[in-house]
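Analysis of the macromolecular model
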Amino acid sequence: MNRIEYADVIVVGGGSCGCVVASRLSENPDRSVLLLEAGPTFSAIAEVPADLTDASMLPIGPGSEWVGTYSAELTSGVGRTIARGRVLGGSGAVNGGYFVRATPTDFDAWPQSLWSFEQVLPFYLGSETDLDAGTQRQWHGSRGPMPVARTPVRARHPITTAFVDSAVNAGFSMHQDLNAPGASAGGVGAVPLNIRNGNRVSAALAYLLPILERQNLRVQGHATVTSLIFDGSKVIGVEMLVDGVHSIVRSDTVILSAGAVHTPALLLRSGIGPADDLVALGISVEVDSPGVGRGFSDHPEVAVPVVAKNEVPRKSPALEAVLHADAVEIRPYTRRFDRLISGLEPGPQVVGVGLMRSTSRGSIALRSTDPFEAPDVRYHYLESEVDRRAMREGVELARDLLASPIMSETMTVTVPTIENPLAALGTSLHLSGSARMGPESDPSSVLDDHCRVRGVDGLFVVDTSAFPVVPSRGPHATAIMFAERAAALLF
Ligand SMILES: Cc1cc2nc3c(=O)[nH]c(=O)nc-3n(C[C@H](O)[C@H](O)[C@H](O)COP(=O)(O)OP(=O)(O)OC[C@H]3O[C@@H](n4cnc5c(N)ncnc54)[C@H](O)[C@@H]3O)c2cc1C
C-alpha cells in the first residue's frame, strides 16, 4: 500500500463510532478520509472471521486477538482486567449485541442546543432498519445500516421466559418495544438486538466494509496513533506506529474515535489535559483542560448467582429480555459466562444487576508517556450510600423474582446467598464521558456542542468519551446515533 502523507480528514479508531463517521464523511467523493485503526482490519465482509460475528459468544476471553485489555480498580481494593474491542468495529464488534436507545430524559443532561431527544431521534431512526413487524413504526427506521430485531417469544431461552413471567407476575409492565419512549418509565421487555440470523452486525459490517471501494477512503490497520501534531493552536496531523514503524500523516481535521479509554489517553499524551498531571509526566501543555479523563461514568453490575437445575445449553444471544426497575436493569443472561466467553474458568449462571444511574465518577490517567502502556482507570463504584442502597435493593429484587414460584414453572432455580458482594462486582463495559461535551461555563467540559476540542482548531472527539454522562441504557445504539449526528454536524 502506498504511504499516505495527507488526508482531508483523519479518523483515529475504527470502532463503533469511527466506522460510522468514516463512512458518512467519505460519501462526499471530493473529501479524502483516512481511517487509522490500532487493531486488525478486513478488506471485505467475507474476510471477517466467524468468531467475530457469532452472536452467541463474546470473543473477549483470555488470549483473544480482537481485544486490548487494561487493569482497572472498580472500587477500593477491587481490581479487574477489562477488555475493549481492538479490531475494525471496535467494542461493537465483540459486544453482547444489545442495541437499545437511551431514554428521552437521558438527553436532559446533553447540550439542548443540538442534542435534545427530539433532535437526536431522526438519527436513531436513520441508523437502523427495525426488522420486527408489529412494533410501533413511528419509532423505527426502515432504511438505516444497523439491523434491529428481538428474539421472538416462541424462540426465547427458558430462563428468559421464566424471568419475564416472574416480573409480569410481580406487577411490572410488559413492553413489546424497549425503544418506544413509553418504555422509559420501566418494566420488562424484549431486548432490541443488532443481530441478524445469529450474526452480530457491527458498525464495520453495516457501515464500512460495504463501501470500501470508495476511491477517497483509505483504511489502515495495525496503525496506533501515538500523538497529535499541532501548529500553534491548530492540529495539523498525527504521529503513528504501523507495524512498529513511525510515520506522520498531515490533515487539517482530526477526529478522535479511539473509544472512551484511549481517546482521553491520546489527548493527554498530546498535551491536552489537566496541566499539573501533564507537567508531572514531562508532557508540554498544549491546552490546560481539567476534564480530560476525569468524571467518566459507567454502569456497575453485580452478578447474582443462580443454580439452574434444568439448564438448557443452547446458542442464544447473551440477553433476550431485561427489567428496568427504578435505578437498576436486571439482566437474566441466557448462559453461564464461561459458555459465552471462551477460556473463562467455569462459574455459576448469573443474573446481572446493573446500576443505570450511578453517581460514581471515575478517572483515567496516564501511567507513563508510553503509548502502549494502558492508562490507570479507576471507577470509584458504589462509594456513595445512595448507590449502595440502590444496588442492594436491585439485588434483593432480582433474588425475589428468581425465587418466585412462577420461575420454577419453567425452570428450577435456587438462589444461593452472595457471600462476598464485592467479589460479585463488575462493570457493564459502558464507559462514557471521559472527554465530555458541555457548556463553556463548565471548566471540566472538554468539547463544545459540535464535538470540537476547546482550545484546538480542527480537532474533534466522536465516540462515547464525548457523552455528558453514560445513558441509563446500554450505550451502543446511542454511540451509532451520536456518530451519525456528529458527522452531519461537522461538515
Ligand atoms: C465486551 C463488551 C460488551 C459490550 N456489550 C454491549 C451491549 O451489549 N450493548 C451496548 O449497548 N453496549 C455494549 N458495550 C459497549 C459498546 O460496545 C461501546 O460503548 C461502544 O462500542 C463504544 O464505541 P466507541 O466507538 O466509543 O469505541 P470502540 O468501539 O471501543 O472503538 C475504539 C477503536 O479505536 C481503536 N483505537 C484505540 N486507540 C487507538 C489509537 N491510539 N490509534 C488507532 N486506533 C485506536 C480501538 O482499537 C477500537 O477499534 C460492550 C462493550 C464491550 C467491551
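What counts, and at which threshold
Residues numbered from 1 in each chain as written. Predicted model: local features only at pLDDT ≥ 70, side-chain atom pairs only at ≥ 80, totals over all residues. Heavy atoms only, no water. UniProt positions renumbered as here; feature names shortened; annotations may be inferred. Core = buried A, V, L, I, M, F, W, Y, C linked by side-chain atoms within 4.5 Å. Buried < 20%, exposed > 50% of the residue type's maximum accessible area, 1.4 Å probe, protein only. Contact = heavy atoms within 4.5 Å. Helix = DSSP H or I, 4+ residues; strand = E, 2+ residues; numbered from the N terminus. Axes fitted to C-alpha atoms, helices over the stretch in contact; angles between N-to-C directions. Parallel < 35°, antiparallel > 145°, perpendicular 65-115°, else oblique. Left-handed = near helix turned anticlockwise from the far one by under 90°. Nonpolar A, V, L, I, M, F, W, Y, C, P; charged D, E, K, R; others polar. Pairing = 2+ DSSP bridges. Near = heavy atom within 4 Å. Polar contact = N/O pair within 3.5 Å; in protein donor to acceptor, adjacent residues only side chain to side chain. Phe/Tyr/Trp six-rings, centres within 6.5 Å; stacked < 30°, edge-to-face > 60°. Lys NZ or Arg CZ within 6 Å of the ring centre and 35° of its normal. Salt bridge = Lys/Arg side-chain N within 4 Å of Asp/Glu carboxyl O.

In the annotation of an unreviewed UniProt entry, the chain is listed under the name Mycofactocin system GMC family oxidoreductase MftG and assigned to Rhodococcoides yunnanense. According to the UniProt record, the Sequence similarities (unreviewed entry) comment for the chain is "Belongs to the GMC oxidoreductase family."

With that out of the way, let us pick up the nonpolar core. Grouped together as the largest cluster of nonpolar side chains are 112 residues, with contacts concentrated most on Trp115, Leu267, Leu459 and Val462. Excluding its chain neighbours within four sequence positions, the residues that come into contact with Val462 are Cys17, Val21, Ile255, Leu256, Ser257, Cys451, Phe482, Ala483, Ala486 and Leu490. Formed by 41 residues, the second largest nonpolar core is a distinct cluster that contains Val78, Ala162, Val164 and Val302.

Here the focus is the UniProt feature "domain: Glucose-methanol-choline oxidoreductase N-terminal" (unreviewed entry) in the chain. UniProt records the feature "domain: Glucose-methanol-choline oxidoreductase N-terminal" (unreviewed entry) at residues 85-108 and 259-273, using the numbering of this structure. Across residues 85-108, helical content stands at 0% and strand content at 4%; the span's end C-alpha atoms are separated by 29 Å. Along residues 259-273 one finds 73% helix and 13% strand; the C-alpha atoms at either end are 16 Å apart.

With that settled, consider the packing of helix H1 (residues 16-25) against helix H11 (residues 476-490). Two elements in contact, H1 and H11, have axes whose closest approach is 9 Å; the angle formed by their N-to-C orientations is 30°. As the angle between them shows, H1 and H11 are arranged roughly parallel. For the pair H1 and H11, the sense of crossing is right-handed. Contacts from Ser16, Cys17, Val20, Val21, Arg24 and Leu25 of H1 reach H11 at His476, Ala479, Ile480, Ala483, Glu484 and Ala487.

Next up on the list: the packing of helix H3 (residues 117-127) against H11. Interaxial distance between H3 and H11 falls to 8 Å at its minimum, and their mutual angle equals 110°. Taken as axis vectors, H3 and H11 run roughly perpendicular relative to one another. Where H3 abuts H11, its residues Gln119, Val120, Phe123, Tyr124, Gly126 and Ser127 lie against Ala477, Thr478, Ile480, Met481, Glu484, Arg485 and Ala488. In terms of residue class, the contact of H3 with H11 is made up of seven nonpolar, four polar and two charged.

Overall, mixed pairing links the five strands, which are arranged E4-E3-E24-E23-E18 in an open sheet. Unpaired on one side and paired on the other, strand E4 (78-85) and strand E18 (294-296) mark the two borders of the sheet. Across this sheet, the average inter-strand angle for adjacent strands is 35°, counted without regard to direction. By the bridge criterion, three bridges tie strand E23 (residues 362-365) to strand E24 (residues 376-378) in an arrangement that is antiparallel. Each residue of the ladder has a partner; that of Ile364, found in E24, is Val377.

On to the environment of Gly273, then. In this fold, Gly273 is placed in strand E16 (residues 272-273). Take Gly273: its relative accessible area is 0%, and that puts it in the buried class. Distance from Gly273 to Val287, taken between C-alpha atoms, is 6.5 Å for residues 14 residues apart in sequence. When neighbours within four sequence positions are excluded, Gly273 is seen to be in contact with Leu268, Leu278, Val287, Asp288, Ser289 and Val292.

With that settled, consider the site of the ligand. Lining the immediate surroundings of the ligand are 36 residues, of which Ser16, Glu37, Ser91, Tyr98 and His476 lie closest. Between the ligand and the protein, one listed contact pairs a nitrogen atom with a backbone N or O atom of Gly96 at 3.2 Å. Take Val225: an N or O atom from its main chain is 2.9 Å from a nitrogen atom of the ligand. For the shell around the ligand, the secondary structure elements donating two or more residues are H1, E4, strand E12 (223-231) and helix H6 (259-269).

On inspection of all chains with the given rule, the structure shows 12 aromatic pairs. Both rings, one in Tyr379 and one in Tyr381, keep their centres 5.0 Å apart while their planes meet at 45°; by these two values the pair is tilted. You can call Tyr381 buried: its relative accessible area is 1%. Through a chain of ring-to-ring contacts, three or more aromatic side chains come together here, namely Phe107, Trp110, Trp115, Phe117, Tyr124, Phe467 and Phe482. Above the plane of the ring of Phe491 lies Arg31, whose end atom (NZ or CZ) is 4.0 Å from the centre. Over the aromatic face of Trp115 sits the side chain of Arg485, whose NZ or CZ is 5.6 Å from the ring centroid.

Once that is clear, we can look at the pattern of salt bridges. Once their charged atoms are close, side chains differing in charge can pair, the charge on each being opposite to the other. One pass over the structure, following the stated rule, counts 17 salt bridges. With a closest N to O distance of 2.7 Å, Glu27 and Arg24 form a salt bridge. The class for Glu27 is partly exposed, based on a relative accessible area of 42%. Classification of Arg24 as partly exposed rests on a relative accessible area of 25%. The salt bridge partner of Glu385 is Arg388, with a shortest N-O separation of 3.3 Å. Note that Glu385 and Arg388 are positioned in helix H9 (residues 385-403) at a spacing of three residues, about one turn of the helix. Residue Glu385 is classed as partly exposed on the basis of its relative accessible area of 36%. For Arg388, a relative accessible area of 34% translates into the label partly exposed. Salt bridges linked by common partners bring Glu73, Arg367, Asp376 and Arg378 together as one network.

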